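Remarks on the overall topology
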Amino acid sequence: MGRLVVVSNRLADPRKAAAGGLAVALGETLKRTGGLWFGWSGKIVEDGTPGEGELHVHQAGSVTLAELDLSKEDHDSYYRGYANGVLWPVFHYRLDLANFESGHLGGYRRVNQLFARKLYPLLKPDDIIWIHDYHLIPLAAELRAMGCENRIGFFLHIPLPPPPILAAIPSHEWLIRAMFAYDLVGFQSHLDVQHFAHYVKAEATAESVGANQFRAFNSTVQAEAFPIGIDVADFQRLGRAREARETYETTVKEYSRRRLLIGVDRLDYSKGLPQRIRAFRELLLAYPENRHSATLLQVASPSREDVDAYNDIQHELESLCGSINGDFGDFDWMPIRYIHRTVARKRLPGLYRACAVALVTPLRDGMNLVAKEFVAAQDEEDPGVLVLSRFAGAAEQMPQALMVNPYDTHGTAQVIQQALQMSLGERRERHAALLEGIRKYDVHWWCREFLRTLGEAKQPPSATEQN
Ligand code: ADP
Ligand code: G6P
């Protein structure tokens with residue numbers, strides 16, 4: 001097989017920790033396979049020229065990192081405006097938070113063209129190109145227009161909404177058409193694949209030409225679900241190391257008489273944080289035996305703070321946590337410990353292990369890796385319980401979790417109570433089944449399956465066919 005070339009907006013040194021499912025998963029994949037990882041450097045050049053950017057190429061272990069700077073104008077329109085102001089909210093079913101007025105589509109196209117222009121000269125004929133996420137949907141079409149005939153796959157890390165929601169994006173036909181420049185398009189769940197199939201049949205009059213293959217715009221694309229996983233063995237190894245053990249011990253000691261619940265998320269409106277906090281308040285109201293006992297540790301890492309909706313959610317969360325602590329807290333007990341920070345990855349397994357219950361309750365999520373990390377970190381003899389939103393992609397794969405509808409405050413509180421009360425036998429049984437599932441479908445399975453399917457997908461179209 002040729003060299004693996006991974007392209008994503010967010011890059012991370014695979015030797016260091018990162019927050020966000022994409023960077024974590026790709027770092028773990030590339031550490032094994034080696035290859036080239038191309039993306040944004042994280043640098044914004046204040047007075048840079050739109051459509052231009054300096055490329056920095058350097059080696060990080062077995063991975064070559066190619067990092068591209070972006071001008072402020074490009075970053076504002078491509079990342080902040082279009083990717084995170086239109087695509088992220090709509091793909092997470094939040095039309096109310098999308099800003100269609102802003103005219104940022106031009107910047108989105110310009111940066112995708114810039115990526116193509118800078119990447120193309122680095123490519124070798126037998127490279128396998130794997131492009132990631134909503135920032136870069138049109139990148140293959142741009143590469144094809146330059147004559148690129150390599151195999152190109154795309155993986156969407158976030159959900160694909162049903163056609164009536166997708167169609168609210170003014171440029172939806174152009175976006176979906178761009179997906180036909182790929183040989184393989186991967187989604188997190190079967191539901192996402194169904195949405196893609198419904199959309200292309202209804203809006204693009206695509207024909208089904210084989211299992212999961214669709215023909216439209218003079219091109220054929222294969223669309224399949226590849227639920228992303230974690231590196232279970234590696235995460236468990238991290239759990240046995242000194243930092244995680246220390247974190248476990250200090251947490252257990254600090255909260256010695258308490259039952260701990262944990263939430264670990266980027267501070268994002270898709271994660272259902274206010275709903276989770278309200279469900280926790282409902283737990284304290286409806287089941288008062290939890291007062292002076294249950295403590296929720298909520299760690300929320302700062303994310304996209306230059307996008308308005310993210311500021312709003314931060315203020316809402318701070319005020320909710322403050323009011324619950326004020327109403328219910330006592331000198332020797334605070335119901336919620338809210339920490340607005342990224343925890344060192346080395347400490348995470350220890351933190352998860354010290355907690356009796358994890359609350360993974362997004363309103364909508366492509367997959368959610370925290371659910372899998374929590375399961376991997378548990379003591380098999382005395383495991384904690386996973387409370388999982390039915391609206392996370394992970395729900396398709398983790399039916400042994402306790403499922404909740406995060407919009408239903410009382411129902412969620414009831415399930416949290418069930419989790420806190422669960423017998424050791426039931427906890428072990430559910431945990432063993434969950435662990436088996438995440439071991440089988442780990443991040444290496446995800447990567448292998450995607451690349452195998454891409455390798456077997458139809459021959460790449462010629463550049464002329466695309467035009
Ligand atoms: P998303 O990709 O939307 O951020 P995921 O749950 O799929 O959501 O992935 C999040 C990743 O980032 C996980 O590996 C998780 O451990 C990490 N992460 C999220 N929030 C934090 C935090 N506050 N501190 C440390 N790591 C975090
Ligand atoms: C999600 C997205 C990724 C993104 C990550 C962190 O996981 O699917 O593409 O990298 O969130 O968000 P950020 O905007 O900081 O890259």
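Residues numbered from 1 in each chain as written. Chains lettered and ligands numbered in written order. Predicted model: local features only at pLDDT ≥ 70, side-chain atom pairs only at ≥ 80, totals over all residues.

The protein chain goes by Trehalose-6-phosphate synthase in an unreviewed UniProt entry, where it is assigned to Herbaspirillum lusitanum. Under Pathway (unreviewed entry), UniProt gives the following word-for-word description of the protein chain: "Glycan biosynthesis; trehalose biosynthesis." Regarding the protein chain, the relevant UniProt record gives this comment under Function (unreviewed entry): "Probably involved in the osmoprotection via the biosynthesis of trehalose. Catalyzes the transfer of glucose from UDP-alpha-D-glucose (UDP-Glc) to D-glucose 6-phosphate (Glc-6-P) to form trehalose-6-phosphate. Acts with retention of the anomeric configuration of the UDP-sugar donor." (UniProt positions renumbered as here; feature names shortened; annotations may be inferred.)

Moving on, we get to the environment of Glu142. Examined against the element boundaries, Glu142 turns out to sit in helix α4 (residues 139-145). Look at Glu142 and you get buried, because 21 C-beta atoms sit within 10 Å. Separated by 39 residues in sequence, Glu142 and Ala181 place their C-alpha atoms 8.8 Å apart. (Helix = DSSP H or I, 4+ residues; strand = E, 2+ residues; numbered from the N terminus. Buried ≥ 20, exposed ≤ 12 C-beta atoms within 10 Å, placed from the backbone.)

We now examine the confidence of the model for the protein chain. Caution applies to low-pLDDT regions: their predicted coordinates should not be interpreted in detail. On average, residues of the protein chain score 94 in pLDDT, and 97% of them reach the 70 mark or higher. Counted against residues more than four places away or in other chains, residues 460-467, with its pLDDT under 50, gives 18 contacts. For this predicted complex, the interface score ipTM comes out at 0.99, while the overall pTM is 0.96. (pLDDT = per-residue confidence, 0-100. Contact = placed C-beta atoms within 7 Å.)

Attention now moves to the sheet that holds strand β1 (residues 4-10). If you trace the ten strands from one edge of the open sheet to the other, you get β3-β4-β2-β1-β5-β6-β7-β10-β9-β8, paired in mixed fashion. The outermost strands of the open sheet, each flanked by one partner alone, are β3 (55-60) and β8 (207-210). Averaged over all pairs of adjacent strands, the angle between their axes in this sheet comes to 25°, without regard to strand direction. Note that β1 and strand β2 (residues 35-45) share four bridges and pair parallel. Along β2, the bridge assignment pairs Val5 with Leu36. Across the face of the sheet, helix α7 (residues 190-203) comes into contact with β7 (184-187), β9 (213-216) and β10 (219-225) while running at roughly 155° to β10. (Pairing = 2+ DSSP bridges. Axes fitted to C-alpha atoms, helices over the stretch in contact; angles between N-to-C directions.)

You can see Asp379 is positioned in the loop between α13 (369-377) and β15 (385-389). Overall, Asp379 belongs to the exposed group, with 12 C-beta atoms counted inside 10 Å.

Bringing the sheet that holds strand β14 (residues 357-360) into the picture now. Ordered in space as β13-β12-β11-β14-β15-β16, the six strands form an open sheet in which the pairing is parallel. Of all the strands in the sheet, the pair left with one neighbour each is β13 (336-339) and β16 (402-404). For this sheet the average axis-to-axis angle between neighbouring strands, irrespective of direction, equals 20°. With four bridges connecting them, β14 and β15 associate as parallel partners. The partner of Ala358 across the bridge, within β15, is Leu386.

Time to look at helix α2 (residues 72-91). The end-to-end C-alpha separation of α2 is 25 Å, well short of the 28 Å expected for 20 residues at 1.5 Å each. Helix geometry: α2 is bent most strongly at Ala83, by close to 40°. Among the 20 residues of α2, 14 are classified as buried, and the element is accordingly described as predominantly covered. In the segment just after α2, Tyr93 is the residue with positive phi, at about 65°. (Expected span 1.5 Å × (residues − 1). Bend = angle between axes of the 7 residues up to and from the residue.)

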